[in-house]
Amino acid sequence: MQQYGLYSSFVGCFVYCLLGTSKDITLGPTAIMSLLVSSYAHHDPVYAVLLAFLCGCIQLAMGILHLGFLVDFISYPVIKGFTSSAALTIGFGQVKNILGLHDIPRQFFLEVYYTFYNIGDSRVGDLVLGLLCLSLLVLLKMMKGQLPEKSDRLPLLNRVCYTIVSFTTTARNAVVVVAASLVAYCFESQDRHVFTLTGKTARGLPPFQLPAFSDTASNGTVCFTQIVQNIGAGLAVVPLVGFLESIAIAKAFASQNNYRIDPNQELIAIGSTNILGSFVSSYPVTGSFGRTAVNSQTGVCSPAGGIATGAIVLLSLAFLTPLFFYVPKAALAAVIICAVSTVFDFRIVATLWRVKKLDLLPFLASFLGCFWEIQYGILAGIVLSGIIMLFNIARPETKISDCGTVVVQLQSGLNFPAVEHVRDLLYKQALEASPPRSVILDCLHVSSIDYTTVNGLQELILTFQQQNACLLLCNLRPEILAILTSAQIEGLRHFDSTETALHYLPAADDNHPLDLDECEKPLLGRRF
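Position numbers for residues start from 1 in each chain and track the written sequence from start to end. Where local features are concerned, this predicted model is filtered to residues with pLDDT of at least 70; where side-chain atom pairs are given and counted, the filter is 80 or more; whole-chain, interface and lining totals use all residues. The side-chain values count all of the structure's non-hydrogen atoms but skip hydrogen atoms and water molecules.

Examined against the element boundaries, Thr115 turns out to sit in helix H6 (residues 108–117). Throughout this description, buried means an accessible area under 20% of the type-specific maximum (1.4 Å probe, protein chains only), exposed means over 50%, and partly exposed covers the range between. Classification of Thr115 as buried rests on a relative accessible area of 3%. Filtering out sequence-adjacent residues up to four positions away, Thr115 remains in contact with Phe92, Val95, Leu99, Leu101 and Ile104. Every helix listed is a DSSP run of H or I at least four residues long, and every strand listed is a run of E at least two residues long, numbered separately from the N terminus. Pairs of residues are marked as contacts when any of their non-hydrogen atoms sit within 4.5 Å.

What follows is the structure in structure tokens.
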């Protein structure tokens with residue numbers, strides 16, 4: 001199965017250089033996408049390749065229809081919850097390879113249980129090699145962070161040594177895997193099977209052909225519609241997460257290197273890559289943070305840098321696949337653990353607690369839910385974020401001033417979910433008083449209303465008239481005033497300013513000052 005990762009690594013390099021808008025991004029298989037595909041494709045290559053084709057079609061259609069804005073509805077806490085959970089899931093999923101364990105279930109909670117249950121069966125060779133690889137990767141990463149700026153004033157020998165160290169630390173993943181493979185080859189050549197190896201990988205380039213739209217099972221043929229039903233929610237989750245992961249990486253490096261990207265064009269690039277990739281047995285791909293970081297650090301100036309990457313992968317497929325037999329699984333596991341460890345942001349909980357505690361709810365819903373099923377975790381986070389956003393719309397912050405007449409200033413928009421809240425507020429502040437008091441509704445910050453709001457205002461004005469009080473509107477924007485006048489509300493009175501409305505009201509007697517600065521009360525409403 002290892003060859004499918006290589007098949008997925010080269011198409012994006014060529015397609016993105018023609019259609020992408022980021023000079024740094026590199027499309028290919030990633031740990032998170034591999035986890036998703038493994039889950040929804042049921043470890044079947046036919047399902048995985050067909051999922052790439054369908055995922056590409058969905059992403060391409062989204063790009064053509066300019067639906068890139070949809071990613072804006074996924075809040076940052078949801079993204080952080082998902083990526084942190086995925087990092088833990090992927091990282092712990094490699095512990096069994098470090099220990100040399102076999103037949104461990106993939107479901108996270110079962111995986112944790114059986115890993116610790118079978119820890120006594122660990123292979124010493126895999127454990128020692130895995131820990132050595134982990135230690136070496138951490139050391140090389142620390143060395144890279146401590147390297148000073150390169151200076152042309154250094155002697156030639158120093159510059160050569162600097163270049164060697166810089167290359168080794170930058171390409172540390174490849175260096176560690178190659179070194180571990182050499183060690184494994186030495187043992188295998190002596191007929192000593194100390195390590196668990198990757199094994200045989202199919203040699204040669206993949207055939208260019210349409211993805212299979214049916215699959216052969218032990219009990220017959222699985223048709224296209226049945227495959228789609230088996231993939232299920234993956235048809236929504238995989239395209240969305242693929243776009244989300246890629247656009248997040250592209251935005252980060254675009255901000256770092258001072259250029260802009262087009263989300264809709266990115267969708268077209270990713271979708272085209274997945275469609276064409278399915279013709280060469282690729283599974284769904286997305287932007288790779290590690291490869292993109294290497295691209296950026298090496299100073300690439302355009303997406304054409306991916307052509308070199310794609311060419312190297314093609315050469316590896318054509319000539320080097322026999323060497324992959326000796327790659328120890330423990331070494332690959334160490335590389336993956338180090339890669340995903342940077343994705344887990346342990347500081348986000350403290351940051352959310354300090355900035356806005358309520359945002360911890362969608363974060364925790366996404367984080368904890370993804371341990372069960374990824375789609376449920378993401379969905380739970382999105383739903384909770386939506387509820388919080390809708391609650392803020394339904395309960396707009398208000399500022400109450402008492403100047404003989406109650407002045408209610410809305411601090412945000414007035415849409416239909418907020419109508420009942422505003423109605424209850426006006427009843428409590430004015431109509432339940434004895435005698436009923438008039439109200440000035442300051443709409444300075446109201447930028448949009450709908451028919452439900454118009455209808456609610458009409459009923460409120462009528463109710464105030466029946467109670468021998470007035471409901472006046474002031475500071476209306478031209479577009480809001482146009483909507484209200486077109487509704488032909490009987491008894492509608494509006495003014496250019498709060499002061500003008502106060503002077504209009506006969507209820508504002510001489511005993512009550514009209515200076516708003518002296519009669520303001522604290523804000524009434526909810527803050528988060």
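Think of a salt bridge as a Lys or Arg side-chain nitrogen and an Asp or Glu carboxyl oxygen that are within 4 Å of each other. For the structure shown, the criterion picks out 5 salt bridges. Put simply, Arg423 and Glu420 hold a salt bridge, and the shortest N to O gap is 3.3 Å. Residue Arg423 and its partner Glu420 are both found in helix H19 (residues 419–431); the two are separated by 3 residues, about one turn of the helix. The network of salt bridges with common partners includes Glu420, Arg423 and Glu459.

Attention shifts here to the pairing of strand S8 (residues 471–474). What you see with S8 is no split at all: Leu471 and Leu473 on one side and Leu472 and Cys474 on the other are buried throughout. Two strands are counted as paired when DSSP detects at least two bridges linking them. Pairing analysis gives 4 bridges linking strand S7 (residues 439–442) to S8, with the strands arranged parallel. By the bridge assignment, Ile440 is partnered in S8 with Leu472. In the classification by handedness, the crossover that spans S7, the intervening helix H20 (residues 451–466) and the parallel S8 is right-handed. For the handedness criterion, the strands are oriented away from the viewer, and a crossover whose path from the first strand over the helix to the second runs clockwise is classed as right-handed.

Counting residues in hydrophobic clusters, the biggest one holds 30 residues, and the most contacted among them are Leu36, Val37, Phe82, Val237, Val238, Val241 and Ile378. Of all elements in the fold, only helix H2 (31–40), helix H3 (45–64), helix H4 (76–93), helix H10 (224–231), helix H11 (234–256) and helix H18 (374–394) reach the threshold of two or more residues within this core. With 7 residues, the single largest contributor to this core is H3. Aside from chain neighbours lying at most four places away, what touches Phe82 is Ile32, Val241, Ser366, Cys370, Ile374 and Ile378. Residues enter a nonpolar core if they are buried and are Ala, Val, Leu, Ile, Met, Phe, Trp, Tyr or Cys, with the set joined through side-chain atoms within 4.5 Å. Core analysis: the second largest hydrophobic core is formed by 29 residues, Leu425, Ile449, Phe464 and Ile480 among them.

Take the packing of aromatic side chains next. In summary, the pairing rule links any two rings of Phe, Tyr or Trp, Trp by its six-membered ring, whose centres are within 6.5 Å, and it sorts them by plane angle into stacked for under 30 degrees, edge-to-face for over 60 and tilted for everything else. According to the stated counting rule, one finds 18 aromatic pairs in the structure shown. Ring geometry for Tyr113 versus Tyr114: centroids 5.0 Å apart, planes at 85 degrees, classification edge-to-face. Given a relative accessible area of 49%, Tyr113 falls into the partly exposed group. Ring geometry for Tyr114 versus Tyr117: centroids 6.4 Å apart, planes at 80 degrees, classification edge-to-face. Placement of the pair is Tyr114 and Tyr117 together in helix H6, with a separation of 3 residues, close to one helical turn. Residue Tyr114 is classed as partly exposed on the basis of its relative accessible area, which comes to 32%. In this structure an aromatic cluster arises from ring pairing among Phe92, Phe108, Phe109, Phe116, Phe363, Phe367 and Phe371. Lying over the aromatic face of Phe346, Arg347 brings its terminal NZ or CZ to 5.2 Å of the ring centre. Lys357 extends its terminal NZ or CZ atom over the ring of Trp353, reaching a point 5.0 Å from the ring centre. Criterion for a charge above a ring: Arg CZ or Lys NZ at most 6 Å from the ring centre, at most 35 degrees from the ring normal.

Spatial relationships are all this shows, so hold off on functional conclusions.
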